[in-house]
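The lines below spell out each chain.
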Amino acid sequence: MHHLVLAAVVIITIIYVVLPLIFRYSAAFQRQLVFLPYTSLRWPIKVNYSQPKIHGLQGTRNFYLPTAPKVHVGVWHVLPRDLVDTFSENTETSLANGNPIVLYLHGNSGSRATGHRVELYKLLQFHNYHVIAFDYRGKFTFTCTCYGCIDVSLGFADSSQVLMSENGATIDAIRVYEYIRLFSGKSTVIVWGHSLGSAVAIKMVASLCAVKQSPDRLILESPFNNIRDVFRNHPLTLIYRPLSVVDRFFTERLETNNVAFDSDVHIAGVECPTLILHARDDRIVPIFLTRKLYEAGLKSRPTNAAALQFIEFPPDLHCGHECIYSAPQLPSIIQQLVDLDGF
């Protein structure tokens, strides 16, 4: 009985004292929980990124793009269905053929090869879109000296293992966008961000709009207003809410550690036609956080900014946080955005 009580005290101490203190005072640990750059947390665990065909992606090129000094990101270019038979390792020129181009910014954890992301690429490929998907820079390092010296470094897929941050992810996204614009000609370029990737997309597009280099369209899938509110409402922080310590220990230093992702602030600078997609049965990002983002956009964007539209998907479609790609109406919704039909 004594051992059970002691074990309970230790567990409670770790949960309610140790973890909050580590999160508050360790910038590295805080970044890990925001980005979760661990491909082993998501299926498939082992990925050969140089062989996208293994994941059912035909006509897909793998390559690496420098985004900063000593930083590169791993990229897939998925060709439209009509161009698959013409696939070669030199696919850049095809970007100017008139098919819309989607630059996809994924959310945290996993990689560009994670299942639901690949399913979206396949859908877009079938409907004759180019897809450019990449993995952010990222690094998690664990060192143990208990039994000799053991160093373990993990990151986002095959991209550079360097310090991750909001600014770093945004720079990576801008550099990939600039690469696309080098070859896209008059093709429509759509930036598509999912979850955490939506926050990267908003900050990126606002920066591009400020220098008159805006993409043609922006899609925000399962977005949120800011990381602070995500932490306040995430299922994992439920046990801390009665103690009123979520802000003090989990959100107070997010901006200092360059992971605030204040999308409700940055959206004021987004001027291109923007479509927000969210499922009402999303248990990771509650839909009311998306509504807050939408309302912030309506209030803060310039009066001459292009339309901002919000579409909700009903629970009976079972889209959740990751499966909006399975909604039967999605292809027509995207096409309406491309055509600016109703915008």
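Heads up: the structure comes first, above all this text.
One structure accompanies this document, and this report is about it.

Each value, and the rule that gives it
- Per chain, residue numbering runs from 1 following the sequence as it is written.
- Since the coordinates come from a predicted model, pLDDT governs what is reported: local features require at least 70, and pairs of side-chain atoms require 80 or more to be given and counted, while whole-chain, interface and lining totals use all residues.
- Each side-chain value is worked out from all heavy atoms of the structure, with water and hydrogens disregarded.
- Any pair of Phe, Tyr and Trp rings, taking the six-membered ring for Trp, is counted once the centres come within 6.5 Å. Such a pair is stacked with planes under 30 degrees apart, edge-to-face with planes over 60 apart, and tilted for the rest.
- Strands here are runs of E lasting at least two residues and helices are runs of H or I lasting at least four, both read from the DSSP assignment and numbered beginning at the N terminus.
- Residue exposure (1.4 Å probe, protein chains only): buried if accessible area is under 20% of the type maximum, exposed if over 50%, otherwise partly exposed.
- Pairs of strands are assigned from DSSP output, requiring at least two bridges between the strands.
- Throughout, an axis means a line fitted to C-alpha atoms (over the contacting stretch in the case of helices), and angles, computed between N-to-C directions, take values from 0 to 180 degrees.
- Residue contacts are counted whenever heavy atoms from the two residues lie within 4.5 Å of one another.
- Counted as salt bridges are all cases of a side-chain nitrogen of Lys or Arg within 4 Å of a carboxyl oxygen of Asp or Glu.

So, about the packing of aromatic side chains. As enumerated under the stated definition, the model contains six aromatic pairs in all. Here tyrosine 49 and tryptophan 76 contribute two aromatic rings whose centre-to-centre distance is 6.4 Å and whose plane-to-plane angle is 50°, an arrangement assigned as tilted. Remark: tryptophan 76 occurs in strand β2 (residues 71-78) and tyrosine 49 occurs in the loop between α2 (27-35) and β1 (60-68); sequence separation between them is 27 residues. Taken as a pair, tyrosine 49 and tryptophan 76 share a single burial class, namely buried. Centroid distance phenylalanine 134 to tyrosine 136: 5.4 Å. Interplanar angle 80°. Geometry classified as edge-to-face.

Turning our eyes to something else, we now look at the sheet that holds strand β10 (residues 308-313). Taken in spatial order, the eight strands of this open sheet run β1-β2-β4-β3-β7-β8-β9-β10, and their pairing is mixed. One side of each edge strand has no neighbouring strand; the edge strands of this open sheet are β1 and β10. For this sheet the average axis-to-axis angle between neighbouring strands, irrespective of direction, equals 20°. As paired strands, β1 and β2 are joined by eight bridges and run antiparallel to one another. Bridge pairing links arginine 61 to histidine 77 in β2. Most of the contacts of helix α9 (residues 287-300) go to β10, to which it runs at about 165°, and overall it touches β8 (217-221), β9 (274-279) and β10. Against the sheet, helix α10 (residues 330-339) makes contact with β7 (189-194), β8, β9 and β10, and its axis sits at roughly 150° relative to β8, the strand it touches most.

Moving on, we come to the pattern of salt bridges. Enumeration according to the criterion identifies 13 salt bridges in this entry. Across the salt bridge formed by arginine 181 and aspartate 216, the nearest N and O atoms sit 3.3 Å from each other. Of this pair, arginine 181 sits in helix α4 (residues 166-183) while aspartate 216 sits in the loop between α5 (196-210) and β8, and the two are 35 residues apart along the sequence. The class for arginine 181 is partly exposed, based on a relative accessible area of 29%. Overall, aspartate 216 belongs to the partly exposed group, its relative accessible area being 26%. The partner of arginine 228 in a salt bridge is aspartate 262, and the shortest N-O contact between them spans 3.0 Å. Here arginine 228, found in helix α6 (residues 227-233), pairs with aspartate 262, found in the loop between α7 (246-251) and α8 (263-266); they are 34 residues apart in sequence, far enough to count as distant. Aspartate 262 gets classed as buried once you look at its relative accessible area, which sits at 13%. Ionic contacts of the salt-bridge type, sharing partners, join the residues Arg112, Asp135 and Asp158 into one network.

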